[in-house]
Amino acid sequence: MGGVLILGGGTGGTLLANMLARRGIEITVVSESPEHLFQPALLYIALAGAGADIVRDERALLAKRVRFARERIVRVNLAAHRAEAASGARFDYDSLVVATGARAEPAQIPGLAEIAERYGNYHSGITAAQKLWKALDSFRGGTVAVGQASPICVCPPSPVEGVLLIDKLLRRRWLRSKSRLIFFTPFPRTYPAEPINEIVEPLLKARGIEVKTFFDVDRVEPASRTIFSIEGERIDCDLPIIVPPVCGADVAYEPDGALNADRFIAVDKKTLRIKDTDSAYAIGDATDLPTSKAGAGAHLQAKTVFRELMGEPAEFNGRTHCAFDLGNGTGTFVISSYSAPAVRYPPTRIKRLMKMLMGRVYWLSLSGLFETIFNWYFSWTAPERLAARWPRFWRRANR
Amino acid sequence: MDAGATRRRVVDARDKSCPGPITDLALAYRRSKIGDVIELWATDPGVRADVRAWAAKTGNELVSLEDKSGAIVSVLRILRR
Ligand SMILES: Cc1cc2nc3c(=O)[nH]c(=O)nc-3n(C[C@H](O)[C@H](O)[C@H](O)COP(=O)(O)OP(=O)(O)OC[C@H]3O[C@@H](n4cnc5c(N)ncnc54)[C@H](O)[C@@H]3O)c2cc1C
């Protein structure tokens, strides 16, 4: 067997497989799970009690001519062009695309696995999200602490979105005056990119949310629900809502220089080629790319690799496009690229609505049939273009 | 290298913005021991204010902050964690 082998049937892997299938290329997708989860909706299951209809059968999302194998890959030999599954199944390839995503690993932080087990969170699947909704449901006042445990997390806006949605929930339940809401972050400010921080920081202030910056979680004491930072501070709370650290899939690579310390795959930031290989690529959350881990990135990177595999010139420009629900009926997007810092994109109701609509559009978008529309949308919202359209909102974080 | 010895770690965060160099610094801090030295290379100009604030807040020493071959190089010594 040869052809293109795609590891991981998530956002990036599924879209790429369908785009290649239409060009008549022989493709095999190997994925651990028979199901495909729309991860952004976890936020609303956990913090707004939304329904859990956010899963589809992966086979049904793939074009018929794509071969699908439900296997957990454990080893990849980049020199021999071969991937091996836990079952012993082997997959040979001409070209490889790794799209195995990122996984939450609470056990990296002492005490965090127990907190995740008890209170759930909104980054580890449906069960954990439902558990958090239950914990919020029985909350009758006290201190809630929300934040990310590590500087790297999937969907960088999601910790701030979380605290804003919890504030909204507590107000709706007349519990806000009985509660203290603390947001902690390892970064120097509420949101790491200054232009977005200028939108977000006043919002948290206006809602009486306390912010602890430079708070990098060292360990958690589950019995007392105390969070300690490496910097030597502590937060005591009644309800800890902690976004766990993430790392790459548990796959061994040969040569092992392909992985960094958190098991993310080292790729060339423009070609997305795995370091020191000629026909192996990685896309999406699985990579060590210096951009946000988010679905839009996985989508654009899938497109770059698609062009490269078709022999067309293509480069990934580091584009991000992260939807940001501000919890007040409006939303914005964090838009940047390797060459353009994040734009201060004014929040509107339409932008929040677009985030909500994505839940529907997502499944259709995976078919790869709507790329003309996406091309137009992404170029219309290019950071340089937005900057030219709203010059007074365009600021470089140059302090 | 002796696991107990202090180390100098070079962190290359050039061409990174959002969340950017401070992410790499925080990750390096997480893996450091007292006495270690972290040399952070960045191109995002925001890094100047960020490393100063980081050193002040965490009680670690900003040994130097200078421009070198088109990059901003901060040298930090870990005194506390
Ligand atoms: C709460 C939350 C909110 C979010 N909000 C947004 C948003 O608003 N906008 C946005 O753009 N993005 C958002 N995201 C991020 C987005 O969902 C992910 O970035 C995106 O799904 C990444 O796509 P991917 O293809 O890299 O990986 P994934 O979609 O995670 O797919 C990885 C696949 O690999 C498979 N796999 C893993 N290991 C193995 C193995 N060993 N063998 C075989 N298969 C394996 C998995 O089963 C899975 O199918 C959010 C995420 C979360 C958690």
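Before any of the text, the structure's been laid out above.
Position numbers for residues start from 1 in each chain and track the written sequence from start to end. As a convention, the first chain written is A and the first ligand written is 1, with the rest following in written order. Only residues with pLDDT of 70 or above have their local features reported here, since the model is predicted, and side-chain atom pairs are shown and tallied only from 80 upward, although totals for entire chains, interfaces and linings are computed over all residues. Side-chain measures here rest on the full set of heavy atoms in the structure, leaving out hydrogens and waters.

Student: Can you lay out the overall build of chain B for me, pointing to particular residues and giving the numbers?
Tutor: Each helix and strand counted, chain B has two helices and four strands in total. Beginning at the N terminus, the succession of helices and strands in chain B can be written as β-α-β-α-β-β. Here the globule rule is a power law, 2.2 Å times the number of residues to the power 0.38, and the radius of gyration is based on C-alpha atoms. Relative to a compact globule of 81 residues, whose C-alpha radius of gyration would be 12 Å, chain B shows 12 Å and is just as compact. Each principal axis of the C-alpha distribution contributes one length, and for chain B these read about 35 × 25 × 20 Å. For chain B, the residues scored as buried account for 49% of the 81 residues in total. Here a residue-residue contact requires only that any non-hydrogen atoms of the pair lie within 4.5 Å. In chain B, once contacts between residues fewer than 6 apart in sequence are set aside, the share between residues at least 24 apart is 63%. For chain B, the exposed surface amounts to about 3,700 Å²; the carbon and sulfur share of it is 49%. Charge assignment: positive for Lys and Arg, negative for Asp and Glu; neither His nor the chain ends contribute. Here the site of a charge means atom NZ of a Lys, CZ of an Arg, CG of an Asp or CD of a Glu. Counting 15 positive and 11 negative side-chain charges, chain B places the averaged centre of each group 6 Å from the other. By definition, any uninterrupted DSSP run of H or I lasting at least four residues is a helix, any uninterrupted run of E lasting at least two residues is a strand, and each is numbered from the N terminus. The classification of residues rests on relative accessible area computed with a 1.4 Å probe and restricted to protein chains. Under 20% of the type maximum is buried, over 50% is exposed, and intermediate values are partly exposed. The Shrake-Rupley method, run with a 1.4 Å probe, gives the accessible areas here. Residue values count only the displayed protein chains as cover.

Student: So what about the overall build of chain A? Which residues, and what values?
Tutor: A tally of regular secondary structure across chain A gives 11 helices and 22 strands. Relative to its length of 399 residues, chain A is compact, with a C-alpha radius of gyration of 21 Å against a globular reference of 21 Å. Distance from the positive charge centre (52 side chains) to the negative charge centre (42 side chains) of chain A: 9 Å.

Student: I'd like a rundown of the sheet that holds strand β14 (residues 217-221) of chain A, residues and numbers included.
Tutor: Whenever strands of a sheet pair, they do so through backbone hydrogen bonds, lying parallel or antiparallel. All names here are of chain A. DSSP-based pairing: two strands are paired if at least 2 bridges between them are found. Strand order in the open sheet formed by three strands is β14-β15-β16, with antiparallel pairing between adjacent strands. What marks the edges here is a single partner per strand, and that holds for β14 and β16 (234-236). Strand-to-strand twist of the sheet, defined as the mean angle between neighbouring strand axes without regard to direction, takes the value 15°. Across four bridges, β14 lies against strand β15 (residues 226-229) in antiparallel orientation. Pairing of R219 across the sheet is with F228, part of β15. Fitted lines through C-alpha atoms give the axes, limited to the stretch in contact for helices. The angle between two N-to-C directions lies from 0 to 180 degrees.

Student: I'd like to hear about the sheet that holds strand β17 (residues 239-243) of chain A, residue by residue, with values.
Tutor: Residue and element names in this part refer to chain A. A sheet is described by the order of its strands in space; here four strands give the open sequence β13-β12-β11-β17, paired in parallel fashion. Both edges of this open sheet fall to β13 (210-212) and β17, since each of them pairs with a single strand only. Adjacent strand axes in the sheet meet at a mean angle of 20° when their direction is disregarded. Pairing analysis gives three bridges linking strand β12 (residues 179-184) to β13, with the strands arranged parallel. Within β13, the residue paired with I182 across the bridge is E210.

Student: Account for the site of the ligand, with residues named and values stated.
Tutor: Residue and element names in this part refer to chain A. By convention in these notes, a residue is near a molecule or strand provided one of its non-hydrogen atoms lies within 4 Å of it. T11, G12, I73, D285 and G295 are the nearest of the 33 residues found near the ligand. Counted as a polar contact is a pair of N or O atoms within 3.5 Å, where, for protein atoms, one must be capable of donating a hydrogen and the other of accepting one, and residues adjacent in sequence contribute only when both atoms are in side chains. A distance of 2.8 Å is found between an oxygen atom of the ligand and a backbone nitrogen or oxygen belonging to G12. Within the backbone of D285, an N or O atom sits 2.8 Å from an oxygen atom of the ligand. Sorting the residues of the shell around the ligand by element identifies α1 (11-21), β2 (27-31) and α8 (295-309) as the ones contributing at least two each. Here the shell around the ligand gets three residues from one element, more than from any other, and that element is α8. Polarity classes work like this: nonpolar for Ala, Val, Leu, Ile, Met, Phe, Trp, Tyr, Cys and Pro, charged for Asp, Glu, Lys and Arg, and polar for all others, with Gly in that last group. Of the residues belonging to the shell around the ligand, the class tally is 13 nonpolar, 13 polar and seven charged. Split by domain, the residues of the shell around the ligand number at least three in each of domain 1 (4-38 + 56-104 + 247-309) and domain 2 (107-245). An automatic or database domain assignment provides the domain bounds reported here.

Student: Please provide a residue-by-residue account of helix α7 (residues 194-206) of chain A, values included.
Tutor: All names here are of chain A. A rise of 1.5 Å per residue sets the reference length of α7, with its 13 residues, at 18 Å; its end C-alpha atoms lie 18 Å apart and thus fit the reference within 8%. The bend at a residue is defined as the angle formed between two axes, one fitted to the seven residues ending at that residue and one fitted to the seven starting there. Along its length, α7 reaches its greatest deviation from straightness, about 25°, at V200, and the proline P202 lies no more than four positions downstream. All of the buried residues in α7 are E194, P195, I196, N197, I199, V200, L203 and L204. Where α7 is buried, its residues contact α6 (158-172), β12, β13, β21 (320-325) and β22 (331-336). A helix is expected to reach a length of 1.5 Å times the quantity of its residues less one.

Student: Give a detailed account of the interface of chain B and chain A, specifying residues and quantitative values.
Tutor: Between chain B and chain A, the residue contacts involve 23 residues of the former and 30 residues of the latter. Across the interface of chain B and chain A, roughly 2,300 Å² is buried in total on both sides, 58% from carbon and sulfur atoms. If you look at where chain B meets chain A, you find six residue pairs in polar contact (both at pLDDT 80 or more). Taken together, the elements giving at least two residues each to the side of chain B that touches chain A come down to α1 (21-30) and α2 (47-58) of chain B. A class-by-class count of the residues in the side of chain B that touches chain A yields 10 nonpolar, four polar and nine charged. Values labelled buried area give the accessible surface lost by two parts on being combined, using a 1.4 Å probe and summing over both.

Student: Explain the nonpolar core to me, using residue names and the numbers behind them.
Tutor: Residues and elements named next belong to chain A. Counting residues in hydrophobic clusters, the biggest one holds 64 residues, and the most contacted among them are L47, Y122, V144, I166, I227 and I241. For this core, the element with the highest residue contribution is α6, accounting for seven residues. Residues contacting L47, with those up to four places away along its chain left out, are Y122, L132, W133, L136, G162, L165, I166 and L169. Take the buried Ala, Val, Leu, Ile, Met, Phe, Trp, Tyr and Cys residues and link them wherever side-chain atoms come within 4.5 Å; each set so joined is a nonpolar core. Counting 57 residues, the second-largest nonpolar core is a separate cluster that includes I73, A83, L272 and F378.

Student: So what about the pattern of salt bridges? Which residues, and what values?
Tutor: Put simply, a salt bridge is a Lys or Arg side-chain nitrogen that is within 4 Å of an Asp or Glu carboxyl oxygen. Tallying each qualifying case throughout the model produces 31 salt bridges over all chains. When salt bridges that share partners are traced, they join D167, R171, R176 and R207 of chain A into one network.

Student: Let's hear about the packing of aromatic side chains: which residues, and what values?
Tutor: Residue and element names in this part refer to chain A. For Phe, Tyr and Trp, where Trp contributes only its six-membered ring, two rings pair if their centres lie within 6.5 Å, and the inter-plane angle classes them as stacked under 30 degrees, edge-to-face over 60, or tilted in between. All told, the structure shown has 10 aromatic pairs over all chains when counted by the stated rule. Ring centres 5.1 Å apart and planes at 75° place the aromatic pair Y362 and W363 in the edge-to-face group. By the burial criterion, Y362 is buried, and W363 matches it. Joined through ring pairs, the aromatic side chains of F38, Y362 and W363 make up one cluster. Counted as over-ring charges are cases with an Arg CZ or a Lys NZ within 6 Å of the ring centre that also lie within 35 degrees of the ring normal. For the cation-ring pair, K269 lies above Y338, with the distance from its terminal atom to the ring centre recorded as 4.4 Å.

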